[in-house]
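# Residue-level structural notes
Each chain, letter by letter, is given below.
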Amino acid sequence: MLDPKLVRSAPEAVAQQLLKKHYKLDVARLVALEEKRKSLQVTTEQLQSERNSGSKEFGKIKSQGGDVSALKERMDQVNAELKANEQALVELQDELHTMLLDVPNLPHDSVPEGQDENDNVLVRSWGEPRTFDFDVKDHVDLGEAFGLDFEAATRICGARFAMLRGKIARLHRALAQFMLDVQTTEHGYEEVITPLLVHDTALYGTGQLPKFGEDLFKTSCDSDAEQEQKQFYLIPTAEVTLTNLVRDQILAVEQLPMRLTAHTACFRSEAGSYGRDTRGLIRQHQFEKVEMVQIVHPDKSWEALEEMTGHAEAILQKLGLPYRVMALCGGDMGFGAAKTYDLEVWLPAQNQYREISSVSNCADFQARRMMARFRNESGKPELVHTLNGSGLAVGRTLVAVLENYQDADGHIRVPDVLQPYMGGIRVL
RNA sequence: GGAGGGAUGGCUGAGCGGUUGAAAGCACCGGUCUUGAAAACCGGCGAGGGUUAAUAGCCCUUCCAGGGUUCGAAUCCCUGUCCCUCCGCCA
């Protein structure tokens, strides 16, 4: 959420910046609501003050045995007026809050202008796409021989699921283990096992709700369908649980930066992506990801963004997978991000780079939603900055390994760094 | 699932329906003392919001959450959530 004070004091400037993200802020409506809010809040608080002092007086008079009937009459009047004002104020504040919850984060000055992924800007690339002297196969054809089974998964739970068996299951596990080991031992992240089911409050905190509910899976038990409290959402990313670790906290400055990583399953409904990436592992309802989250001092978040991008890159480099780093343009950026780098890995069968990691600085946007703060140098609570990034999406990395390490007869060489995890299997 | 007990400031922990945003202790910050530190003593110390040029004043809100009673609720009533103890069940 944006700082209400900022939005209030400079609505035009904020609206201008939001245009970069292709969001149109309804300034007229905002200003009108804000004007009403101000007068309503002031009078409500005045009435509250009157009620408080009146009640004190009431007690005093009564203890001296005086007559309170005149005062009671006045208080009844104040209370009636107060009740109406309070209700109107709550409604108005709800309206303003709802409006603000819908507004995306402001993009950083360095974010390029643009409409969609075609306008993203190449920052750097690493590695040379391998040239093949045979016709490359894609991961679906390659994986079949080693236990990648879409047909069985579809029979059980429909489209966008996969079963991995035998060697390919092991390779998938090796990748996740490897990523986790690198992030914990080389980059200083603390490993966390998190819940996969969360309440809506957590999702409001990181910004998936209220706007993007249709992308999420929600549980519903027949027995308690009536009780909203018992509804759970399946996490679309461990960003949700890791970042919410600091919700409602006031951290000591020494606790920063916090670096957290988790290997979890992620669940996405992929509503609105019908027909896209229907083949293979690229876009699934359930996939695994090693997520990185950093909770940092506000002065350090831009530095941390660069560093964290490097943490994701390290995995690709160690695996020897060619990739490029893209700075997302305003139109392609996510809701909560102030700036995002995507890592795109080379997929020979598609003959193109595909997203495999996304690293974002959310600045104080999420922190404000979940009241995640630290005690600053002058002893005052101040919002932290939050960052998140994939390090990496395991399924997509598996795709990249299969396709980049294939040979002419359909075997896959296991990358060196994974061999310690493969129990002696050097080639699939 | 059954029976009880509880939820108060960073922590521990008091709190008759009115002067309690809340005792006390610890922690923390400042000062005196000290070569320095500790101890001792003195002082300060929750958070959110409004108004405002203001990080100055003033005001409002806040004692798990949501309702209710009352002129007035941390204190009374209802509902929910979470935690603890005991019994049962169970990976």
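Every chain's residues receive numbers from 1 upward, in the order its sequence appears when written. Each chain takes a letter, starting from A, and each ligand takes a number, starting from 1, following the order in which they are written. For this predicted model, a pLDDT threshold of at least 70 governs which residues receive local features, and a threshold of 80 or more governs which side-chain atom pairs are given and counted, while totals over whole chains, interfaces and linings are taken from all residues. Each side-chain value is worked out from all heavy atoms of the structure, with water and hydrogens disregarded.

With that settled, consider the packing of aromatic side chains. Pairing of aromatic side chains requires ring centres within 6.5 Å, counting the rings of Phe and Tyr and the six-membered ring of Trp. Pairs whose planes differ by under 30 degrees are stacked, by over 60 edge-to-face, and all others tilted. This structure, assessed with the given rule, holds six aromatic pairs. A centroid spacing of 5.5 Å and a plane angle of 80° characterise the contact between Phe-335 and Phe-365, whose relative ring orientation is edge-to-face. Taken together, the residues Phe-335 in the loop between strand S10 (323-327) and strand S11 (339-347) and Phe-365 in helix H11 (residues 365-370) connect sequence positions 30 residues apart. There is no split in this pair, since Phe-335 and Phe-365 are both buried. A ring pair is formed by Trp-346 and Tyr-353, whose centres lie 5.0 Å apart and whose planes are at 70°; its orientation type is edge-to-face. Take Trp-346 and Tyr-353: they sit in the same class, and that class is buried. Through a chain of ring-to-ring contacts, three or more aromatic side chains come together here, namely Phe-212, Phe-335 and Phe-365. By definition, any uninterrupted DSSP run of H or I lasting at least four residues is a helix, any uninterrupted run of E lasting at least two residues is a strand, and each is numbered from the N terminus. Relative accessible area decides the class of each residue, using a 1.4 Å probe on protein chains only: under 20% of the type maximum gives buried, over 50% gives exposed, and in between gives partly exposed.

Attention shifts here to the layout of surface pockets. One number sums up the size of the second largest pocket: a volume of about 240 Å³. What lines the second largest pocket is Met-1, Pro-4, Val-7, Arg-8, Leu-30, Glu-34, Arg-37, Gln-41, Gln-93, Leu-96, His-97 and Leu-100. Secondary-structure elements contributing two or more residues to the lining of the second largest pocket are helix H1 (4-9), helix H3 (27-63) and helix H4 (69-101). Residue classes in the lining of the second largest pocket are distributed as six nonpolar, three polar and three charged. The rule is simple: put a 1 Å grid over the protein atoms alone, call a set of points where a 1.4 Å probe fits but cannot get out a cavity, call an open set with protein on both sides within 12 Å along at least five of seven lines a pocket, and count a residue as lining if it has an atom within 4 Å of a point. Grid points are joined across faces, edges and corners, and a volume is the space filled by probe spheres set on the points. Under the scheme applied, nonpolar residues are Ala, Val, Leu, Ile, Met, Phe, Trp, Tyr, Cys and Pro; charged residues are Asp, Glu, Lys and Arg; polar residues are all the others, including Gly.

What follows is about the nonpolar core. In this structure, Leu-171, Leu-175, Met-179, Leu-316 and Leu-321 are the most contacted members of the largest nonpolar core, which totals 51 residues. A per-element tally of this core places helix H7 (residues 166-186) first, with nine residues. Should any heavy atoms of two residues lie within 4.5 Å, those residues are counted as being in contact. When residues no more than four places from it in sequence are discounted, the contact partners of Leu-321 are Trp-126, Leu-316, Val-345, Thr-397, Ala-400, Val-401, Asn-404 and Tyr-405. Ranked by size, the runner-up nonpolar core spans 22 residues in total, among them Leu-2, Tyr-23, Val-27 and Met-99. For this analysis, a nonpolar core means a set of buried residues of the types Ala, Val, Leu, Ile, Met, Phe, Trp, Tyr and Cys, connected via side-chain atoms within 4.5 Å.

Our focus in this paragraph is a nonpolar patch on the surface. Patch building starts from residues that exceed 30% relative accessible area and form no salt bridge, then joins like charges within 9 Å and nonpolar side chains (Val, Leu, Ile, Met, Phe, Trp, Tyr) within 5 Å. What sets the accessible areas is the Shrake-Rupley method with a 1.4 Å probe; for residues, cover comes only from the shown protein chains. Each reported salt bridge corresponds to a side-chain nitrogen of Lys or Arg within 4 Å of a carboxyl oxygen of Asp or Glu. A surface patch of nonpolar side chains, amounting to about 220 Å² of accessible area, comprises Leu-196, Leu-197 and Phe-232. On the secondary structure map, Phe-232 appears in the loop between helix H8 (200-206) and strand S6 (233-234).

Looking now at the packing of helix H2 (residues 11-19) against H3. To get an axis, a line is fitted to the C-alpha atoms, and for a helix only the part in contact is used. The angle between two axes follows their N-to-C directions and goes from 0 to 180 degrees. Orientation of H2 relative to H3, taken along the N-to-C sense of each, is 145°, at an axis distance of 10 Å. Read as a crossing pair, H2 and H3 show a hand that is right-handed. Across the interface between the two elements, Pro-11, Glu-12 and Ala-15 from H2 touch Val-27, Leu-30 and Val-31 from H3. Broken down by class, the residue content of the contact of H2 with H3 amounts to five nonpolar, no polar and one charged. In this scheme the crossing of two helices becomes right-handed for a clockwise turn of the near helix relative to the far one and left-handed for an anticlockwise turn of less than a right angle.

A sheet is described by the order of its strands in space; here eight strands give the open sequence S1-S10-S11-S12-S15-S9-S8-S4, paired in mixed fashion. Every interior strand has two partners, whereas the edge strands, strand S1 (121-126) and strand S4 (190-191), have only one. Helix-sheet contacts for helix H10 (residues 301-319) involve S1, strand S8 (258-267), strand S9 (286-296), S10, S11, strand S12 (352-361) and strand S15 (385-393), and the interaxial angle to S15 is about 10°. Pairing between two strands requires that DSSP report at least two bridges joining them.

The subject of this paragraph is the side chain of Arg-160. Its location among the elements puts Arg-160 in the loop between helix H6 (150-157) and strand S3 (163-164). For Arg-160, which is buried and forms no salt bridge, the nearest opposite charge comes from Glu-270, at a distance of 5.7 Å. Two N or O atoms form a polar contact when they lie within 3.5 Å of each other; inside protein one atom must be a possible hydrogen donor and the other a possible acceptor, and for residues adjacent in sequence the pair counts only when both atoms belong to side chains. Of note is the side chain of Arg-160, whose polar atom sits 3.0 Å from the backbone oxygen of Ser-273. A polar atom in the side chain of Arg-160 sits 3.4 Å from the backbone oxygen of Asp-277. Counting rule for charge: Lys and Arg are taken as positive, Asp and Glu as negative, and neither His nor the chain ends is counted.

The subject of this paragraph is the pattern of salt bridges. Counting across every chain of the model gives 19 salt bridges. Two residues, Glu-34 and Arg-37, come together in a salt bridge whose shortest N-O distance is 2.3 Å. On the criterion of helical spacing, the pair formed by Glu-34 and Arg-37 is a turn pair, its members being three residues apart in helix H3. Taken individually, Glu-34 and Arg-37 each receive the classification buried, so the pair is uniform in this respect. Between Arg-279 and Asp-138 there is a salt bridge, and its shortest N-O distance comes to 2.7 Å. A residue pair is termed long-range when its members are at least 10 positions apart, and Arg-279 in the loop between S8 and S9 and Asp-138 in the loop between S1 and helix H5 (139-144) qualify at 141 residues. Arg-279 sits in the partly exposed class, given a relative accessible area of 45%. Within this structure, Glu-270, Asp-277, Arg-283 and Arg-354 form a network of salt bridges that share partners.

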